[in-house]
Amino acid sequence: MRDLQHFDVSGALLDWYDRHAREMPWRVGPAARAAGTRPDPYRVWLSEVMLQQTTVAAVRDYFHRFTTRWPTVAALAAAPDEAVMGEWAGLGYYARARNLLKCARAVSEEHGGQFPDSYEGLIALPGIGPYTAAAIAAIAFDRAETVLDGNVERVMARLHDVQEPLPGVKPVLKEHAAAITPAKRPGDHAQAMMDLGATICTPRSPACGICPLRPPCLARQRGTVADLPRKSPKKPKPIRHGHVYLAQHSDGGWLMERRPDKGLLGGMLGWPGSDWSEAPEPSPPFEAQWRELPAEVRHTFTHFHLILRIHTAPLEVDTAPEGLVIIDKHAFRPSDLPTVMRKAFDLWRGQ
DNA sequence: TATACGTGGTG
DNA sequence: TCACCAAGTAT
């Protein structure tokens, strides 16, 4: 058994990555990268933002649709806000989509259409934080930046048997990660760390038997793998209630609202309704004989459970009440809605 | 430092 | 069924 001090962690990791790298639409694999192919910074940036707190499986189709519709950062910068929000619908964390547009426009208007090639330049852009700045700098620009995401945190916590809980111990894990960040192939190293965390050093049932870092792994030696990384206890999620109102005109148009940019589902299209609280007051957008559907929407957000009651009535007027909009029958696409709003529509459709 | 911010898959 | 989890950021 070789001591961690004398084990070439990054070398072992890169050897493993050369043989087992996952193929992804935004990735230039290790063989092509060695042959000189450079990844497109636009595609690296777009994928990294989509992958924030989001699984690879969920991102694939969205990435394909975005890059087909907007192949360059200039094309994205020129897109209408509503089009981008509609394409992002269902992916969650909608501040990412608003910041995506801000960032694309900043790159187009303030950086001559080229992404900054350094951590400092990247982190100054909207929606790009410490992780994403390091990831783009390393993967797209060969900068020896240290990438610290949930995967790397888990791998480092286990490799060094770090018992202190996240998020407090994050700086320690960052130092461990920085100590093995190589000057050569930093982008492949970063992607290798994340692939290892996603496929071998997984949160549950890790495949230690085939792990390239098994020899030096302290948690493996001490039997603490399943306990790491430790995390501070989470708060319980309260249950909130709400009412939404689906009103359709005889011509097929729908009464809807464009939600304000700040806050939950910011910038997204949705059904008008009450606030979401312990006991909300019903708040129909106009006087009518509202009929309540017999079923409810149940949906869980990051920090609360929601139960929505659905009300319907015919829309008899041609102009929307203050603050609302009428979406024409042909412009209405359920796929433009955030999932919780699409669930309400699905209930109406299945009534 | 703590909280707000989505969604779908998984055991 | 349900808590946990996924390539985090903004405030």
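Overview of the structure. Treat the numbers as computed from the prediction; the structure is a model and nothing was measured. (Residues numbered from 1 in each chain as written. Chains lettered and ligands numbered in written order. Predicted model: local features only at pLDDT ≥ 70, side-chain atom pairs only at ≥ 80, totals over all residues. Heavy atoms only, no water.)

Along its twelve residues, helix 9 (residues 130–141) runs 16 Å from first to last C-alpha, staying within 8% of the 16 Å computed at 1.5 Å per residue. Among the twelve residues that make up helix 9, eleven are buried, leaving the element largely enclosed by the rest of the structure. The complete set of buried residues in helix 9 reads Tyr131, Thr132, Ala133, Ala134, Ala135, Ile136, Ala137, Ala138, Ile139, Ala140 and Phe141. Backbone geometry just downstream of helix 9 places Asp142 in the positive-phi region, at approximately 60°. (Helix = DSSP H or I, 4+ residues; strand = E, 2+ residues; numbered from the N terminus. Expected span 1.5 Å × (residues − 1). Buried < 20%, exposed > 50% of the residue type's maximum accessible area, 1.4 Å probe, protein only.)

What follows concerns the protein's contact with DNA strand C. Taken together, 27 residues lie near DNA strand C, and Glu48, Gly127, Asp149, Asn151 and Arg154 sit nearest. Restricting the count to atoms of DNA strand C within 4 Å of the protein gives a sugar and phosphate share of 67%. Between DNA strand C and the protein, one listed contact pairs a base nitrogen with a side-chain N or O atom of Glu48 at 3.1 Å. Between Gly127 and DNA strand C, the recorded distance is 2.5 Å, taken from a backbone N or O atom to a phosphate oxygen. Looking at the surface near DNA strand C, the elements that each hand over two or more residues are helix 9, helix 10 (150–159) and helix 12 (186–199). Taken together, the residues that form the surface near DNA strand C break down as eleven nonpolar, nine polar and seven charged. (Near = heavy atom within 4 Å. Polar contact = N/O pair within 3.5 Å; in protein donor to acceptor, adjacent residues only side chain to side chain. Nonpolar A, V, L, I, M, F, W, Y, C, P; charged D, E, K, R; others polar.)

Geometrically, the link from Leu166 to Pro167 is a cis peptide bond, its omega value of 5° lying close to zero. Topologically, Pro167 is positioned in the loop between helix 10 and helix 11 (170–179). The omega torsion across Leu228 and Pro229 is -5°, close enough to zero to call that bond cis. Along the chain, the position of Pro229 falls in the loop between helix 13 (218–222) and strand 1 (239–249). With phi around 50°, Asp161 is a residue other than glycine that occupies positive phi space. Structurally, Asp161 is set in the loop between helix 10 and helix 11.

This next bit is on the protein's contact with DNA strand B. Around DNA strand B sit 20 residues in total, of which Lys235, Leu265, His299, His303 and Thr339 are the nearest. If you look at DNA strand B and keep only atoms within 4 Å of the protein, 63% of those are sugar or phosphate atoms. Taking Tyr94, its main chain carries an N or O atom lying 2.7 Å from a phosphate oxygen of DNA strand B. Within the contact set of DNA strand B, a phosphate oxygen lies 2.6 Å away from a backbone nitrogen or oxygen of Thr339. Mapped by element, the contributors of at least two residues to the surface near DNA strand B are strand 4 (291–300) and helix 14 (339–349). With three residues, the single largest contributor to the surface near DNA strand B is helix 14.

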